[in-house]
Structures are given as C-alpha cells and as structure tokens.
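Coordinate inspection notes
The primary structure of each chain is shown beneath.
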Amino acid sequence: MGSEHTEGSSEELAQHGIVVGVDGSDQSTCALLWAAQEAERRKAPLYVVTAYTVPVFAASSMDAGYATVDDEVIRESAQSVLQESLTHLAGLQVDVHPRIETGDAAGVLLDLSEQAELMVVGSRGRGGFVGRLLGSVSSALPAHAKCPTAVIPVCTGARLGHPELGRKQGRDRDKPALAVEPVVVVGVDGSEQARMASLAAGEEARSRGLALRVICSVAPFNGSLAWVPAPVDREALHADLALQLAAGRDWLQSHYPDVDITVDLVDGPPAEVLIAASATAELLVVGTRGRGGFAGMLMGSTSQGVLHHARGPVLVVPDKADPRLENRSSFGPMVAPAR
C-alpha cells in the first residue's frame, strides 16, 4: 500500500482518485474492498475517508474544555475506524491515502466528488457520528455527486472473497449467492440521462472486457413512460419501444464497436427488474434521473428501493454534457427533447 496521511484538504485530492467512505460497519467494509479492487484495476489512487463532527450540545452548553475533550475522543474513534479499515487492504497493490475529515459526512464526500474519478459507499451504515458516512449518505450522494457513485450492498461480500460479511445480515442469511455473469447492465427509458448512463455503461463494459445488456422495463402502463406520452395498446407500445431500443443499440455500438451489446424489453415494475438484474450482473448502471421508467424514478422512491435492495454493485452516473449524445438521432427514432 501507499502513503498513510490522515490530514489534508480536498484541494490535495488527485483528480483521478477513487474515494471510499468508511465507518467501521460491514457495509463500509464491502464498499472498501470493492473500491480497492477497482483502484487496483484502474491503477488509480484510493482515498479512504472517514468524517466526524463534534456534537452541537458539547460546543454550546459546555465550556471550551469539555468541547475539546469531546473532539479528541471522537477523533480518536474516527482514527480507530480508519486504521481498522486499512487492515482489510493488506496484499493489494493499491496507492492508499487515508483521510480523517471534520464536518458533515455527506458534505465532505460531496466536496471530494468535485475532483474524484469515482465515489464509493456502502448501502447502509451503523449510525452515530462516524456512522453517518453511510445510510443517509448513500441516498443523498448519488443524486448530487459531481462524479459517478458506486453503491455497494453488503451481500456482495461473497463476490469479494468475504462471504462472512453478507451472512451476518439476517434477511440475506439463507439466500444463496447467484453466479455472476460477465455482463454490465444498464437501465434506460429514452431520456438524455439514460443515454448518458448507457455511454458510461459501455465504457465500463469495454474496460472490463464484458458484454453490455441494455434493459427497458415496461411497467403497468400509467402514461408516464418517457417516449409514450398518451395511452396506447400494449402491442403498439412494445413495437415502438423495440424500434427505439434497436436504434439505441446501433448508436451505442458505433461508440463501442468491440463490445457485445444486447437489448431487452422486459415486462415488470422498474425497481423489481433492476434489483433482479443486479443479482447476477457484474455491475448495474443507472442515470440520476429521467422522464420515467428506470432513470426517471431513480432519485425517487423507486431509486431508494433499488439502491437499498440491489444484490450487486450499482453505479449511478451524474448528468453531464457529452458530445457523443449529439449523433443519437441519426441512428433512428428517439424521444424529442423535453420542452
């Protein structure tokens, strides 16, 4: 492993580093292990971050002496969490940079996302001051981070060579781990955000040497699907979506000619379809928002269900400009931009 500094400002963060938040929970351990393997694969530095705040009551209702003691005690606890986390990285060829930050955990990670290549968090945390890194953060961070965010559920422990982590969760204890297929899955709904997620998924598939599966879910029809503004019969709906998915596949293939790309039109509620796909996919990729279906519901109630119940790693791609989006219309039918 590399250097072990526990101080530093966000300005010192390498532009292409991977940042993982830890709080000592099994969830954060899974996130750390996944992030470390990803850093090793990308040959990128890994920033292992924990954050803490001094309780408001200590600073406002006690004298300065007590506040100082509380700060020292909490910081020592954060230091202990950080050092314990680092023991899981023994043997990995990764340039590791431990960091203790003061401030709200979500705010700390969001600041670091300005320069990071990738943020990684577990799907839940243990609570408390240090534990705030996970839980609420894994909900807030994907929606506002400036870089892609990977949310890693604890049940991926078996994939990472640590099956004991997942088995500690009562609800997952009796569920056998499914074989992971060599495929990256991306959920689409015809929105610009979904197309951005598709490009990111194509890059993930290319860099990993995996196939890419593009999925569109046809939920019980309520008129909200991005490219079908008015009620139509089911057969016409499927025909329209199939045309657009085929055109989307051709567009993606033009940007990633060496990736095996397939498209699937699946009946079922988007969250359920996504969660099922995550159980066997190497990686599930989604956008931050859209008009309906997968991406459109990601930052709402459906997204929380996906991020908290996924059976494998989920990569959330932020909305940003990409010149490759400009030639999508030349490959066939697509939804007109929202007015």
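1. A few points about the layout of surface pockets
Within this model, the largest pocket holds a volume of roughly 440 Å³. The wall of the largest pocket is formed by 20 residues, among which R42, P148, A200, E203 and E204 lie closest to the centre. Put simply, the parts of the chain that give the lining of the largest pocket at least two residues each are α1 (26–42), α8 (192–208) and β10 (314–317). The leading source of residues in the lining of the largest pocket is α8, at six residues.

2. Brief notes about the nonpolar core
Core analysis: the largest hydrophobic core is formed by 59 residues, its most contacted members being V20, L46, V48, L89, V120, L212 and V285. Sorting elements by how many residues they give to this core places α1 first, with eight residues. With sequence-adjacent residues up to four places away left out, V20 is seen in contact with A31, L32, A35, L46, Y47, V48, V49 and V120. If you look at the next biggest cluster of nonpolar residues, it comprises 32 residues, including A105, L112, A281 and V316.

3. Points about the pairing of strand β7 (residues 211–218)
For β7, a buried count of six out of eight residues is recorded, marking the element as mostly surrounded by other parts of the structure. Across five bridges, strand β6 (residues 181–187) lies against β7 in parallel orientation. Bridge pairing links G187 to I215 in β7. Traced from β6 through α8 to β7, the parallel crossover comes out right-handed. Bridge count between β7 and strand β8 (residues 261–267): seven bridges; the pairing is parallel. Residue pairing across strands places L212 opposite I261, the latter belonging to β8.

4. Focus on the confidence of the model for the protein
Counting all residues, the mean pLDDT for the protein is 80, and 72% of those residues have values of 70 or more. Across the protein, the element-wise mean pLDDT spans from 42 in helix α5 (residues 128–131) up to 96 in β6. Under a pLDDT of 50 for its full length, residues 125–134 has, in the predicted model, 43 contacts with residues more than four places off or in other chains. Contacts for the low-pLDDT stretch residues 295–300, under 50 throughout, to residues beyond four places or in other chains number 24 contacts.

5. Remarks on the pattern of salt bridges
In this structure the tally under the stated criterion is 13 salt bridges. A salt bridge links E117 to R42; the nearest nitrogen and oxygen atoms lie 2.5 Å apart. Linking E117 in the loop between α4 (105–113) and β4 (118–122) with R42 in helix α1, this pair joins segments that are 75 residues apart in sequence. Since its relative accessible area comes to 26%, E117 is described here as partly exposed. Residue E192 pairs with R195 through a salt bridge whose shortest N-O separation is 2.9 Å. Of this pair, E192 and R195 both sit in helix α8, three residues apart, roughly one helical turn. Taking the relative accessible area as the measure of exposure, R195 reaches 9% and is therefore buried. Each member of the salt-bridge network shares a partner with another, and the members are E38, R41, R42, E117, E204 and R208.

6. Some thoughts on the packing of α1 against α8
Relative to each other, α1 and α8 sit at 70°, their axes nearing to 12 Å. Classified by the angle between their axes, α1 and α8 sit roughly perpendicular to one another. Mapping the contact onto sequence places W34, E38, R41 and R42 in α1 and E204, S207 and R208 in α8. Residues that form the contact of α1 with α8 fall into these classes: one nonpolar, one polar and five charged.

7. Regarding helix α9 (residues 234–255)
With 22 residues, α9 extends 32 Å between its outermost C-alpha atoms, agreeing within 8% with the 32 Å of an ideal straight helix rising 1.5 Å per residue. Among the residues of α9, L237, L241, Q244, L245, A247, G248, W251, L252 and Q253 are the ones counted as buried. Residues of α9 that are buried in the fold lie against α8, β7 and β8.

What counts as what
Residues numbered from 1 in each chain as written. Predicted model: local features only at pLDDT ≥ 70, side-chain atom pairs only at ≥ 80, totals over all residues. Heavy atoms only, no water. 1 Å grid on protein atoms, 1.4 Å probe; cavity = no way out; pocket = protein on both sides within 12 Å on 5 of 7 lines; lining within 4 Å. Points joined across faces, edges and corners; volume = space filled by probe spheres on them. Helix = DSSP H or I, 4+ residues; strand = E, 2+ residues; numbered from the N terminus. Core = buried A, V, L, I, M, F, W, Y, C linked by side-chain atoms within 4.5 Å. Buried < 20%, exposed > 50% of the residue type's maximum accessible area, 1.4 Å probe, protein only. Contact = heavy atoms within 4.5 Å. Pairing = 2+ DSSP bridges. Right-handed = clockwise from strand over helix to strand, strands pointing away. pLDDT = per-residue confidence, 0-100. Salt bridge = Lys/Arg side-chain N within 4 Å of Asp/Glu carboxyl O. Axes fitted to C-alpha atoms, helices over the stretch in contact; angles between N-to-C directions. Parallel < 35°, antiparallel > 145°, perpendicular 65-115°, else oblique. Nonpolar A, V, L, I, M, F, W, Y, C, P; charged D, E, K, R; others polar. Expected span 1.5 Å × (residues − 1).

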